[in-house]
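Chains, contacts and geometry: an overview
Spelled out, the chains give:
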Amino acid sequence: MAKTYKNIGGAWYPIKYIWKNISGTWTKLKKAYKNIGGTWQVVYSGAVDYTFTSSITATSSTGILLSSYVNPSDADTFNITIPSGIVISGITGTIGATGAAGSPTISITNCHNTSTYFGGNGGNGGVGGYGIDFTGFTGKTINLIINGTIKGGNGGNGGNGGNAASGGTGTTYSITYGGCGGAGGSGQVWNYGDGGVTINISGNSPVSGTTGGIGADGANGTYYWTPASGGGTCFLYNAKVLMSDGSYKEIQHIVPNDKVLDMYGKVQKVLYLDRPLQGNRILYKINNLITTDDHPICNADRNGFLALNVENSKNECKFYDVIDEKGQIIPYWYDFIDTNKTNFGELIIGSKVATVSGEEEIKQIIQTDLIDKQLYSLVVDGSHTYSVDGYFVGGFISDKDFDYRKGMKICK
């Protein structure tokens, strides 16, 4: 921008203002022109120039106050330069609060009239701050020459879910769930207080901040129990389970912390290996799958389950003896399915079920003559589903913590 200089004491200084007496009143000129070679050119603009020399992150949610660097009353036009490599950024949003730890005050009651001690959900991350605050510059013109970066602040990360409380001992039946992590805060735009301000931008475009990350889920608590009798919904020792790497492994060789693929194509962790005896229960051959009559099989739409014995499968409400990675018998709570929330129907000839390759129609349901077999089943995290011999089945399903119609985890 053109400037006018004056020699003062042998040194040339730029003149901030030029005044002219108009009808007896001294008036500050916005611009002064001179005829140079027959063309009138601006020799004095009255604009104030300012260049940021280092990167700055705002300490206020409204952004960096521009009036801290240039006085709004000094001119009507301001030329603000952000050189290459300089970043002017809004403050990052606050981290969400950690969810409350589970306690008897954060609980539900199940069909044994016992408590479930949920951990609290993590708080959402805070919204990021603005980049620059133009408060005080109403009616002024700001020319931004952006060779570096101006951006809004990033959203804060969501808070971690609270850890679930441990249950009691002895005959206290309880199962506990950690809280869900909070959502990340949203990123903020770059400008604040720009009402009535004319902003002209050249060079790089300003950007908004990014969304914060999701907080981690809280840890589950400890399960306490009295040993339950009876069997479980299970498979034979050599049933093939689809692992997360695409390989297959016999169910008898699965161990806790192995990774399997669920019916939504997501990797899930094996929590426990259940090993009940068949007893006097009948094993059925359903197409190429051999299983008990009450094991839930995923329907073709992958939004619910089918079973030969629907009532036993969906209404079961008990503890199972399961074995952890150290060989210790511990319980796993399998609560009843709420058919108002989860699709659950009878498995019959003509039913269509979910398979690794897509779906398959049930064409054969016959009783086997197998008796007194050692059976196996998996307790699986997430959706509680996995693949056996190519068919997707439930592994201690629960719609208390998973929405099968939406295919997503329920944040309590």
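Residues numbered from 1 in each chain as written. Predicted model: local features only at pLDDT ≥ 70, side-chain atom pairs only at ≥ 80, totals over all residues. Heavy atoms only, no water.

**Describing the overall build of the protein chain**
From N to C terminus, the protein chain includes one helix and 37 strands. Here the protein chain holds 412 residues, and the buried ones make up 44% of them. Across the protein chain, the fraction of contacts at a sequence separation of at least 24, relative to all contacts at a separation of at least 6, is 71%. (Helix = DSSP H or I, 4+ residues; strand = E, 2+ residues; numbered from the N terminus. Buried < 20%, exposed > 50% of the residue type's maximum accessible area, 1.4 Å probe, protein only. Contact = heavy atoms within 4.5 Å.)

**Regarding the nonpolar core**
Phe 235, Val 241, Ile 251, Leu 378, Tyr 386 and Val 388 are the most contacted members of the largest nonpolar core, which totals 24 residues. Those residues in contact with Ile 251 that lie beyond four places of it in its chain are Phe 235, Leu 236, Tyr 237, Ala 239, Val 241, Leu 273, Tyr 376, Ser 377, Leu 378 and Tyr 386. Counting residues in hydrophobic clusters, the runner-up holds 22 residues, among them Val 48, Ala 58, Leu 66 and Ile 80. (Core = buried A, V, L, I, M, F, W, Y, C linked by side-chain atoms within 4.5 Å.)

**Quick look at the packing of aromatic side chains**
Aromatic ring pairs: the centre-centre distance and the angle between the two ring planes describe each pair. What the rule picks out here adds up to ten aromatic pairs. Ring geometry for Phe 134 against Trp 190: centres 6.0 Å apart, planes inclined by 90°, an arrangement best described as edge-to-face. Linking Phe 134 in the loop between strand 14 (132-133) and strand 15 (141-146) with Trp 190 in the loop between strand 16 (149-151) and strand 17 (191-192), this pair joins segments that are 56 residues apart in sequence. Residues Phe 134 and Trp 190 agree in their burial class; the two are buried. Considering the side-chain rings of Phe 305 and Phe 344, the 6.1 Å spacing of their centres and the 40° angle between planes classify their relative orientation as tilted. (Phe/Tyr/Trp six-rings, centres within 6.5 Å; stacked < 30°, edge-to-face > 60°.)

**With respect to the pattern of salt bridges**
Counted by the stated rule, this structure contains three salt bridges. With its nearest N and O atoms 3.3 Å apart, the salt bridge here joins Asp 76 to Lys 140. Highlighted residues: Asp 76 in the loop between strand 9 (64-65) and strand 10 (77-82) and Lys 140 in the loop between strand 14 and strand 15, separated in sequence by 64 residues. Salt-bridge contacts for Lys 409 lead to Asp 217; the nearest nitrogen and oxygen are separated by 2.4 Å. Taken together, the positions of Lys 409 in strand 37 (residues 408-409) and Asp 217 in the loop between strand 18 (198-203) and strand 19 (240-242) put the pair 192 residues apart, joining distant regions of the chain. Classification of Lys 409 as partly exposed rests on a relative accessible area of 41%. With a relative accessible area of 42%, Asp 217 lands in the partly exposed category. (Salt bridge = Lys/Arg side-chain N within 4 Å of Asp/Glu carboxyl O.)

**Here's the deal with the sheet that holds strand 14**
Strand order in this open sheet of three strands is 9-14-17, and the pairing throughout is parallel. Pairing within the sheet leaves two strands with one partner each, and these edge strands are strand 9 and strand 17. Where strand 9 meets strand 14, two bridges bridge the pair, whose relative direction is parallel. Of the residues in strand 14, the one forming a bridge with Leu 65 is Asp 133. (Pairing = 2+ DSSP bridges.)

**Quick word on the confidence of the model for the protein chain**
With 76% of its residues at a pLDDT of 70 or more, the protein chain has an overall mean of 81. Taken together, the stretch residues 105-115 has pLDDT below 50 and engages in 27 contacts with residues farther than four places along the chain or on a different chain. Scored below 50 in pLDDT, residues 223-231 makes 33 contacts in the model with residues more than four places away or belonging to other chains. (pLDDT = per-residue confidence, 0-100.)

**With respect to the sheet that holds strand 23 (residues 283-286)**
A sheet is described by the order of its strands in space; here three strands give the open sequence 24-23-32, paired in antiparallel fashion. The open sheet terminates on both sides in strands that have one partner only, identified here as strand 24 (289-292) and strand 32 (365-367). Averaged over all neighbouring strand pairs, the angle between strand axes comes to 30°, with direction disregarded. (Axes fitted to C-alpha atoms, helices over the stretch in contact; angles between N-to-C directions.)

**Considering the environment of Asn 288**
Within the secondary structure layout, Asn 288 lies in the loop between strand 23 and strand 24. Between the alpha carbons of Asn 288 and Ile 365 there is a distance of 9.5 Å; along the sequence they are 77 residues apart. When near neighbours in sequence (up to four residues on either side) are disregarded, Asn 288 contacts Asp 389 and Tyr 391.

**As for unusual backbone geometry**
Residues other than glycine seldom take positive phi values, yet Asn 287 does so here, at roughly 55°. Position of Asn 287 among the secondary structure elements: in the loop between strand 23 and strand 24. Under the relative-accessibility criterion, Asn 287 is labelled buried at 9%. Even without glycine at this site, Asp 389 takes up a positive phi of about 50°. In this structure, Asp 389 sits in the loop between strand 34 (385-388) and strand 35 (391-394).

**Details of the pairing of strand 23**
Relative to strand 24, strand 23 is paired through four bridges, and the arrangement is antiparallel. What sits directly across from Leu 283, in strand 24, is Thr 292. If you look at the hairpin formed by strand 23 and strand 24, you'll find two residues sitting between the two strands, and Asn 287 has a positive phi there, around 55°. In this sheet, strand 32 lies alongside strand 23 in antiparallel orientation, the contact comprising three bridges. Its bridge partner being in strand 32, Lys 285 is matched across the sheet by Ile 366.

**Examining the side chain of Ser 351**
Within the fold, Ser 351 resides in the loop between strand 29 (343-346) and strand 30 (352-355). For Ser 351, a relative accessible area of 11% gives the class buried. Every residue in contact with Ser 351, bar those within four places of it in the chain, is listed here: Leu 306, Glu 346, Glu 360, Glu 361 and Ile 362.

**Some details on the pairing of strand 22 (residues 267-274)**
Of all eight residues that make up strand 22, six are buried, and the element is covered over most of its length. As paired elements, strand 21 (residues 259-261) and strand 22 share three bridges and run antiparallel to each other. For Val 260, the partnering residue across the bridge sits in strand 22 and is Gln 268. In this structure, the hairpin formed by strand 21 and strand 22 is closed by a connection of five residues, where Gly 265 is found at a positive phi of approximately 80°. Where strand 22 lies against strand 33 (residues 377-380), four bridges are found, and the strand directions are antiparallel. Residue Asp 274 lies in a different strand from strand 33, and its bridge partner there is Ser 377.

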